[in-house]
Amino acid sequence: MKTMGFSKKIVLGLMLAFGLTLGVHASEGGLAWDKAPNKTNDMGALQNGAKLFVNYCLNCHSAAFMRFNRLRDIGLTEQQIKDNLLFTTEKVGETMKAAIDPRQAKEWFGANPPDLTVIARSRAGSGGSGADYLYTYMRTFYPDAEKPTGWNNLVFPNVGMPHVLWELQGTRKPVYDIKEEHGHEVQVFKGWEQATPGSMTPLQYDQAVGDLVSYLQWMGEPAQNDRVRVGVWVLLFLSLFTVITWRLNAAFWKDVK
Amino acid sequence: MAEFHEVSPNASAGEKLTNWFENRLPTAFEAYRVHMSEYYAPKNFNFWYIFGSLAMLVLVIQIVTGIFLVMHYKPDAALAFASVEYIMRDVPWGWLVRYMHSTGASAFFVVVYLHMFRGLIYGSYRKPRELVWIFGCAIFLCLMAEAFMGYLLPWGQMSYWGAQVIVNLFAAIPFIGPDLALLIRGDFVVGDATLNRFFSFHVIAVPLVLLGLVVAHLMALHDVGSNNPDGVEIKGPKAPKDGKGHPLDGIPFHPYYTVHDIFGVSVFLMVFTAIIFFAPEMGGYFLEYNNFIPADPFKTPLHIAPVWYFTPFYSMLRAVTDEMMYALIACVLAGALFAVAKMKMASVFKGAILVVAAVVVAMMLAIDAKFWGVVAMGGGVVILFFLPWLDNSPVKSIRYRPSWHKYLYAIFVLNFLVLGYLGMLPPSTIGGRVSQAGTLFYFGFFLLMPWWSRIGTPKQVPDRVIFAAH
């Protein structure tokens, strides 16, 4: 029937347009983001990430919507949280507040360090997920004598934050290739050169940052893995329900002539 | 008082209870018959007829989840963002309620756009269903207001700057603009006062109007009867009826379309819950990434885009540039000359048309293009109200229109999607040109409909609906 063909064309057009819109996030300049490992189901990695977070990030950044006792979700007991992770507060029911005075922070870094509770959700974009961005960001610091903190970053040029994990990573210099493009000489990022060693090997450092970023991703939405688990059951139920309603409908319409 | 019915003392408890209520509230029983068990809907409804019921379902989801969100949400610029995160983290199942509401907003527009498309292709707005269509358009307008004001409430960067940009548009209206924008905001920039009034409108004022309009939409529909894919009247004087006067091509809404709709609902819920549980951000389209950064009046985001369901109209707004004004002026002049040359009317009216055209052109030259952009954006929605009087085709349904009409409607849909796509992107030269052409096509489609809808030979419309037994 002709009209059916028409409906199909519309559906096809819709699908085509949907495909087009998916391309919205396709192109943007700058350094390509590395793919972050997703360890939000790995309790050991999340606990290590939480430890790194509390030790290195929480001095200047808050996670003001995240309560310490929510860390029970990643396999820690309240006593463990109290003994190992509470530096800035006494109560496990408190949210994660930075140790730094915001006014001082603004003076030192030029801006208030942003809250990190949902940072992994907010940094997603054309280059990948927010975790990809953070994973790349934490691994592309390099010394830059022209900056007040002595540090610069490849994915966030002129960033106000110094490389807080430099003792772990050591210092690295970006290496550039000079290429001709449209009659100009341009610098193309080629790779890294280790200047001074850190306390970790590059592989260990990548794993540690992977743990930290997975923690940040988990903290952005602590319910995320429960959500998927519940979703599977909901869809299983709805599949069954759909079969029943399909047959119910057919039973009622069977005799309609 | 209506007649009092007695039931036999041997009747079951259920029958007695029903009788007790029917004697005391016959209106409810009458309404059930009129709108459900004895509302005869055409038998030949197809896939496209599910979206009205789904819109009702989504409305209920939004109201119920909204009630629970309001229990924990704080409409205060200092607390709003944190209260949403509180719902997402500390309120038991709060994340589910919030995702249902945020996904529901997008689902509402998906469903309503498909519902409107159905009306468009099958001529459901034609006589005698003009009021059904107009109430529907008003619902769409309310929904846009509801979505726009609701989007401010999470108080993220996109909430804030989206509201700032849209409210500033009102400032482009000559004379009253700046004061109007001030009245909407309640402040010189979007702030706490804006958040409070948007909250009030979002949770009580607009939903009340919306519910009233939904009732009016359904009452008007049930008074004139539903259209169908063939555009054949099943309750007309020529339509065949059974011994009791019920249309032979109709079928009681309950139970036939209730079971039908429950099936549709379960398929819809599979898609809806799949998004809620597996991709609630929908790749940044349903929940924009920037909106996870708290609103900061001192930091303008690089790229401010409205949520996807507004972007076709946002494209029309951006399409109206100073250059575009010349094209629009040419359209106004061509339209006026065409009307004077071709239409049969008294010369007084022709003179009036020329005078009005001259005044409009003078205004178009005098007032900033930004204002006309706002007019285009609003006009894109308002023009839908006039559809019943723009369509002059001798047949209602696309099925019996000349074949090329189908391609025209397909291009219209594609054009609307392209406008939507471009509205999400940062402005660009080529995108700007395409959206200008798209805007002209969108308005041309409607404004020239009185002419093109008459062209071509329609196919023979059958006397009765085409129905194949399942």
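Residues numbered from 1 in each chain as written. Chains lettered and ligands numbered in written order. Predicted model: local features only at pLDDT ≥ 70, side-chain atom pairs only at ≥ 80, totals over all residues.

### A closer look at the overall build of chain B
Helix and strand content of chain B: 18 helices and two strands. For 470 residues, the compact-globule formula gives about 23 Å, and the C-alpha radius of gyration of chain B, at 25 Å, lands near that figure. Viewed in the frame of its principal axes, chain B has a C-alpha envelope of about 80 × 70 × 45 Å. Relative to its 470 residues, chain B shows a buried fraction of 39%. Long-range contacts, defined as pairs at least 24 residues apart, comprise 77% of the intrachain contacts of chain B with a sequence gap of at least 6. (Helix = DSSP H or I, 4+ residues; strand = E, 2+ residues; numbered from the N terminus. Rg over C-alpha atoms; globule rule 2.2 N^0.38 Å. Buried ≥ 20, exposed ≤ 12 C-beta atoms within 10 Å, placed from the backbone. Contact = placed C-beta atoms within 7 Å.)

### Structural notes on the overall build of chain A
Scanning chain A from terminus to terminus reveals nine helices and six strands. With 257 residues in all, chain A has 30% of them scored as buried. Across chain A, contacts joining residues at least 24 apart in sequence account for 66% of those joining residues at least 6 apart.

### A look at the interface of chain B and chain A
The interface of chain B with chain A comprises 39 residues on the first partner and 40 residues on the second. Breaking the side of chain B that touches chain A down by element, the ones donating at least two residues are helix H4 (80-89), helix H10 (253-278) and helix H16 (403-424) of chain B. Per element, the largest residue contribution to the side of chain B that touches chain A is 14 residues, and it comes from H10(B). For the side of chain B that touches chain A, a count of residues per class yields 28 nonpolar, six polar and five charged. (Nonpolar A, V, L, I, M, F, W, Y, C, P; charged D, E, K, R; others polar.)

### Side note on helix H9 (residues 192-224) of chain B
Residue and element names in this part refer to chain B. Relative to the 48 Å expected for 33 residues at 1.5 Å per residue, H9 spans 46 Å between its end C-alpha atoms, a close match to the ideal helical length. Its maximal kink placed at Phe201, H9 deviates by approximately 45°. For H9, the complete set of buried residues consists of Thr194, Leu195, Phe198, Phe199, His202, Val203, Val206, Leu210, Leu213, His217 and Leu221. For H9, the elements touching its buried residues are helix H3 (51-70), H4, helix H6 (130-152), helix H7 (157-170) and helix H8 (177-185). (Expected span 1.5 Å × (residues − 1). Bend = angle between axes of the 7 residues up to and from the residue.)

### Brief notes about the nonpolar core
Residues and elements named next belong to chain B. Judged by nonpolar contacts, the single largest core of 96 residues is most densely connected at Leu54, Ala55, Val58, Phe108, Val111, Met316 and Leu317. Among the elements that line this core, the one with the most residues is H6, at 13 residues. Among residues more than four places away in sequence, those in contact with Phe108 are Ala55, Val58, Gln62 and Leu143. (Core = buried A, V, L, I, M, F, W, Y, C linked by C-beta atoms within 7 Å.)

### Quick notes on the packing of helix H5 (residues 94-122) of chain B against H6(B)
Residue and element names in this part refer to chain B. Interhelical geometry of H5 versus H6 gives an angle of 160° and a closest axis separation of 11 Å. Between H5 and H6, the angle falls in the class roughly antiparallel. Pair H5 / H6 crosses with left-handed handedness. Counting all contacts with H5, which are made through Ala105, Phe108, Val112, Met116 and Gly119, the residues of H6 involved are Trp133, Phe140, Leu143, Ala147 and Gly150. Grouping the amino acids of the contact of H5 with H6 by side-chain chemistry returns eight nonpolar, two polar and no charged. (Axes fitted to C-alpha atoms, helices over the stretch in contact; angles between N-to-C directions. Parallel < 35°, antiparallel > 145°, perpendicular 65-115°, else oblique. Left-handed = near helix turned anticlockwise from the far one by under 90°.)

### Structural notes on the pairing of strand S5 (residues 170-181) of chain A
Residues and elements named next belong to chain A. Among the 12 residues in S5, one count as buried, and that is only a small part of the element. The pairing of S5 with strand S6 (residues 184-197) spans 12 bridges and is classified as antiparallel. By the bridge assignment for S6, Glu180 is matched with Glu185. Turn length for the S5-S6 hairpin, with the two strands adjacent in sequence and antiparallel, is two residues, and the turn residue His182 shows positive phi of about 50°. (Pairing = 2+ DSSP bridges.)

### As for the packing of H3(B) against H5(B)
Residues and elements named next belong to chain B. Where H3 meets H5, the axes come as close as 9 Å, and the angle between the chain directions of the two elements is 155°. Between H3 and H5, the crossing angle belongs to the class labelled roughly antiparallel. As for how H3 packs across H5, the hand of that crossing is left-handed. Taken together, the residues of H5 that come into contact with H3 (itself represented by Phe51, Gly52, Leu54, Ala55, Val58, Ile61, Gln62, Thr65, Gly66, Phe68 and Leu69) are Val97, Arg98, Met100, His101, Gly104, Ala107, Phe108, Val111, Val112, Leu114, His115 and Arg118. Partitioning the contact of H3 with H5 into residue classes produces 14 nonpolar, seven polar and two charged.

### A few points about unusual backbone geometry
Residue B:Pro128 follows B:Lys127 across a cis peptide bond; omega there is 5°. Looking along the chain, the bond that leaves B:His254 and enters B:Pro255 is cis, with omega of 10°. In this fold, B:Pro255 is placed in helix H10. Its identity as a non-glycine residue notwithstanding, A:Asn158 has a phi of 60°, on the positive side. Relative to the elements of secondary structure, A:Asn158 occurs in the loop between strand S4 (151-153) and helix H7 (166-169). A tally of 10 C-beta atoms within 10 Å means that A:Asn158 is categorised as exposed. Non-glycine residue B:Phe175 carries a positive phi angle of around 65°.

### Points about the confidence of the model for chain B
With 99% of its residues at a pLDDT of 70 or more, chain B has an overall mean of 95. Prediction confidence for the complex, expressed as pTM and ipTM, is 0.92 and 0.91 respectively. (pLDDT = per-residue confidence, 0-100.)

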